[in-house]
Amino acid sequence: MSDVLERVTKIVIEHLDVDAEKVTEKASFIDDLGADSLDNVELVMAFEEEFDIEIPDDAAEHIQTVGDAVKFISEKVG
Amino acid sequence: MRRVVVTGIGLVTPLGCGREVVWERLLAGRSGLGKIEHFETDDLACKIAGLVPRTDGRGGGREGDAGVFDPDSVMSARDRRRVDDFILYGIAAADEALADSGWEPQTEEDKHRAGVMIGSGIGGLETTYNASVDLHEKGPRRLSPFIIPAMLINLVSGQVSIRHGLKGPNHAVVTACSTGAHAIGDAARLVSRGDADVMVAGGAEATVCRLGIAGFIACKALSTGFNDTPEAASRPYDKDRDGFVMGEGAGIVVLEEYEHAKARGAKIYAEVKGYGLSGDAYHITAPAEDGDGGFRSMSAALKDAGLQPGDIDYVNAHGTSTPLGDEIELRAVERLFGNHADGLVMSSTKSAVGHLLGAAGAIEGIFSILAIRDGVCPPTLNLDNPSVETDINLAPKAAVKKPVKAALSNSFGFGGTNASVVFVAAE
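How each quantity is defined
- Along each chain, residues carry numbers from 1 onward, in the same order as the chain's sequence is written.
- Think of it this way: whatever chain is written first is A, whatever ligand is written first is 1, and the rest follow in order.
- This being a predicted model, a pLDDT of at least 70 is required before a residue's local features are given, and a value of 80 or more before pairs of side-chain atoms are given or counted; all residues contribute to the totals for chains, interfaces and linings.
- The side-chain figures draw on all heavy atoms in the structure; neither hydrogens nor water molecules are used.
- We count a stretch as a helix when DSSP gives it H or I for four or more residues in a row; a strand needs E for two or more, and each element gets its number in order from the N terminus.
- With the radius of gyration taken over C-alpha atoms, the globule rule is written as 2.2 Å times the number of residues to the power 0.38.
- Buried, partly exposed and exposed residues are distinguished by accessible area as a fraction of the type maximum, computed with a 1.4 Å probe on protein chains only: under 20%, between the cut-offs, and over 50%, respectively.
- Contacts were defined at the residue level, with two residues in contact if any of their heavy atoms lie within 4.5 Å.
- Between N-to-C directions, angles cover 0 to 180 degrees, with each direction set by a line fitted to C-alpha atoms, over the stretch in contact for helices.
- For classification purposes, an angle smaller than 35 degrees is called roughly parallel, one larger than 145 roughly antiparallel, one from 65 to 115 roughly perpendicular, and anything else oblique.
- Handedness of each helix crossing follows the sense of rotation of the near helix against the far helix: counterclockwise by less than a right angle gives left-handed, clockwise gives right-handed.
- In the scheme used here, Gly and all other residues not listed as nonpolar or charged are polar, with Ala, Val, Leu, Ile, Met, Phe, Trp, Tyr, Cys and Pro taken as nonpolar and Asp, Glu, Lys and Arg as charged.
- By definition, the arc is the one covered by directions from the helix axis to the C-beta atoms.
- Summed over both partners, the accessible area (1.4 Å probe) lost when two parts come together is defined as the buried area.
- Take a side-chain nitrogen of Lys or Arg and a carboxyl oxygen of Asp or Glu: if they are within 4 Å of each other, that pair is a salt bridge.
- Throughout this description, a polar contact denotes any pair of N or O atoms lying within 3.5 Å of each other; where both atoms belong to protein, one of them has to be capable of donating a hydrogen while the other can accept it, and for residues adjacent in sequence the pair is counted only when both atoms sit in side chains.
- We call a set of buried residues a nonpolar core when its members are Ala, Val, Leu, Ile, Met, Phe, Trp, Tyr or Cys and they connect through side-chain atoms within 4.5 Å of each other.
- The criterion for an aromatic pair is that two Phe, Tyr or Trp rings (for Trp, the six-membered ring) have centres within 6.5 Å, with stacked assigned to planes under 30 degrees apart, edge-to-face to planes over 60 apart and tilted to the rest.
- Paired strands are those between which DSSP finds at least two bridges.

Asks: Could you clarify how one ought to interpret the overall build of chain A in this entry?
Replies: Along chain A, the regular secondary structure elements total 4 helices and 0 strands. The secondary structure elements of chain A, listed N-terminal to C-terminal, are α-α-α-α. Since a compact globule built from 78 residues should have a radius of gyration of about 12 Å, the 11 Å found for chain A is in line with a globular shape. Structurally, chain A occupies a C-alpha span of about 30 × 25 × 20 Å along its principal axes. Burial status across chain A gives 47% buried among its 78 residues. Sequence separation of 24 or more characterises 55% of the internal contacts of chain A that already satisfy a separation of 6 or more.

Asks: Hey, could you run me through the packing of helix α12 (residues 292–305) of chain B against helix α13 (residues 325–337) of chain B in this one?
Replies: The geometry of a pair of packed helices is captured by two quantities: the angle between their axes and the separation between those axes. All names here are of chain B. Two numbers describe how α12 lies on α13: the axes approach to 8 Å, and their chain directions differ by 40°. Between α12 and α13, the angle is such that the two are oblique. Between α12 and α13 lies a crossing whose hand is right-handed. The residues of α13 that touch α12, namely those facing Asp292, Phe295, Met298, Ser299 and Leu302, are Ala332, Val333, Arg335 and Leu336. Taken together, the residues that form the contact of α12 with α13 break down as 6 nonpolar, 1 polar and 2 charged.

Asks: Explain helix α1 (residues 19–27) of chain B to me, please; I cannot follow it from the model alone.
Replies: Side chains three or four residues apart in an α-helix point the same way, a direct result of the helix having 3.6 residues per turn. Residue and element names in this part refer to chain B. Those residues of α1 not exposed but buried are Arg19, Val22, Trp23, Arg25 and Leu26. Taken around the axis of α1, the buried residues stretch over an arc of 165°, which confines them to a single face. Residues of α1 that are buried sit in contact with β1 (4–13), β2 (16–17), α4 (85–101), α14 (350–353), α15 (360–374) and β12 (376–377). Just downstream of α1 lies Gly29, where phi reads positive at about 80°.

Asks: Honestly, the interface of chain B and chain A in this entry has me stumped. Any pointers?
Replies: By a widely used convention, the size of an interface equals the accessible area lost when the partners come together. Listed per partner, the contact involves 11 residues of chain B and 17 residues of chain A. Carbon and sulfur atoms make up 41% of the surface buried where chain B meets chain A, a total of about 1,200 Å² over both sides. If you sort the residues of chain B by the area they bury against chain A, Arg78, Arg141 and Arg142 of chain B come out on top, with a joint share of 51%. In this structure, Glu48 of chain A and Arg142 of chain B form a salt bridge, with 3.2 Å as the shortest nitrogen-oxygen distance. At the junction of chain B and chain A, the tally comes to 11 residue pairs in polar contact (both at pLDDT 80 or more). Looking at side-chain class alone, the side of chain B that touches chain A contains 4 nonpolar, 2 polar and 5 charged residues.

Asks: Explain the pattern of salt bridges to me, please; I cannot follow it from the model alone.
Replies: Side chains that carry opposite charge are capable of pairing whenever their charged atoms lie near each other. Residue and element names in this part refer to chain B. Overall, the coordinates contain 40 salt bridges over all chains when judged by the stated rule. Between Lys167 and Glu108 there is a salt bridge, with the nearest N and O atoms lying 2.8 Å from each other. One end of the pair, Lys167, is in the loop between α8 (155–164) and β6 (170–171); the other, Glu108, is in helix α5 (residues 108–112), and 59 residues separate them in sequence. A relative accessible area of 49% means that Lys167 is categorised as partly exposed.

Asks: Got a minute to help me understand unusual backbone geometry in this structure?
Replies: Leaving glycine out, the prevailing phi sign among residues is negative, and the prevailing peptide bond configuration is trans. All names here are of chain B. Of note in the backbone geometry, Lys220 takes a positive phi value of approximately 60° without being a glycine. Under the relative-accessibility criterion, Lys220 is labelled exposed at 74%. At Ser321, a residue that is not glycine, the phi angle is positive and equals roughly 85°. Here Ser321 lies in the loop between β10 (314–316) and α13.

Asks: Any chance you could explain the nonpolar core here in plain terms?
Replies: Nonpolar side chains in soluble globular proteins generally cluster together in the buried interior. Residue and element names in this part refer to chain B. The biggest cluster of nonpolar side chains holds 51 residues, and the ones touching the most others in it are Val6, Ile9, Met199, Val253, Leu255 and Ile369. With 9 residues, the single largest contributor to this core is α15. Every residue in contact with Val6, bar those within four places of it in the chain, is listed here: Val253, Val254, Leu255, Lys267, Ile268, Tyr269, Ala270, Val272 and Ile369. Among the nonpolar cores identified, the runner-up in size contains 32 residues, and Val74, Val116, Leu166 and Ile252 belong to it.

Asks: What exactly am I supposed to notice about the packing of aromatic side chains here?
Replies: What characterises a pair of aromatic rings is the spacing of the ring centres plus the angle enclosed by the ring planes. Residue and element names in this part refer to chain B. Under the defined criterion, the tally for this structure stands at 5 aromatic pairs over all chains. Ring centres 5.2 Å apart and planes at 80° place the aromatic pair Phe69 and Tyr89 in the edge-to-face group. Of this pair, Phe69 sits in the loop between β4 (48–50) and α2 (71–74) while Tyr89 sits in helix α4, placing them 20 residues apart in sequence. Considering the side-chain rings of Phe216 and Phe414, the 6.1 Å spacing of their centres and the 40° angle between planes classify their relative orientation as tilted. Of this pair, Phe216 sits in helix α10 (residues 210–218) while Phe414 is found in the loop between β14 (406–413) and β15 (417–424), placing the two residues 198 residues apart along the sequence. The class for Phe216 is buried, based on a relative accessible area of 11%. A residue is classified by how much of its surface remains accessible, and Phe414, at 32% relative accessible area, is partly exposed. Of the aromatic side chains, those joined through ring pairs into one cluster are Phe216, Phe244 and Phe414.

Asks: Sorry if this is basic, but what is going on with the pairing of strand β8 (residues 249–257) of chain B here?
Replies: The side chains of a regular strand alternate, first on one face of the sheet and then on the other. All names here are of chain B. For β8, a buried count of 9 out of 9 residues is recorded, marking the element as mostly surrounded by other parts of the structure. On β8, burial covers both faces: Gly249, Gly251, Val253, Leu255 and Glu257 on one face and Ala250, Ile252, Val254 and Glu256 on the other are all buried. Two strands pair when backbone bridges link them, and β1 and β8 are joined in this way by 8 bridges, in the antiparallel orientation. Bridge pairing links Gly8 to Val254 in β8. As judged from the 8 bridges shared by strand β7 (residues 198–205) and β8, these two strands associate in the antiparallel manner. Paired with Gly202 across the strands is Ile252, a residue of β8.

The following block contains the structure:
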């Protein structure tokens, strides 16, 4: 879990160009981290690449926060 | 009739960025052309271009150099993923032009009365190329959501409008190498006609990538004989010319309704006095041999301006340094000017910056405006041995000082699309 959080956090910081302290598990990509819908698409792609997983579109729609991403990815990579 | 004046200028060119730096270097006879080093050119017949000198080392730039282009100063690395370089250059030049004009919208009404018309000849070619490779190698799920907004031509206008809150007409011209001239002419018409009081207009281009160079080599348009001496490669009217050298960058002007500009005490560079357009209806890439298309666009611009050929002091030629085109344009100008050809100065600034395709007409319009402001016509570099005799002073290798009350700028594009714009000193 912590490893996933760390890697997700790194991707979010890189892609959204935000300060590390803002990237908490509760942080919403759009409401808190300044992302738009296209950034979200790109983030999901970056997660797929980093963790070598596939995130289907319907699942991607529910990934709105850092925590959502960590939870989904942790379940996938088990 | 509402008059239209130029109140702001922005330049991103192979001679550097910023109005005065570029102009000074242009008048001094410096060349912005060099070897391409940011991609493989071993298998390309043309290995040279006019690149914008950048802080990231591209185009031979270094941090701290005068006029160097700093991508970070325009947008964060994050935002740059959403734009191709042609958009980046267009945004930077528009920022400079608006700052230079001293005008920013204050009220909602101001915003509604200000628009953008920035075109590009080709748009995000490198973005499209890279995306095609990704699609082929990795499949559709690996394509960035930013590819389309990064390569669309009208996204320069879109980005500039978002950045500065300009909610009036939002438009983009696509007429190959005539784009920049058409954009200024069309935007001036919108202001003149009352659709807007302020228009940010011009062209942007960034096609110096493998696909861009290889594509223009394939249609036999580029210089291939000067790879070891890039500064000598663009030589309009010279007998040794062998094609154009591709340049990149952007030229943007702020066009403003005269009373609007006067009321706020704006500095006025020049008035956009005439605009003419024509089509060759002849060939997809070659200019019609009789030069009639260019002749008619120039004639229409003069008529629109209410001027006679003898009123024009300087012509900024299309003059790309291709074997065919230069002489055809020269003959058309001689035909139009008749007895007034003697004493007329006509130069091709492509000799110094190369051919910026969709941005060419805009930066050359700006050079024409600055010629009026300073009473000096920029030189045609590398003109050692003219291939034809003419009474026109082609300003070989040195700027020509003379009062310029009226200047005409020509742009001709693939598909046989011609535009001429006449600028005059503001009264």
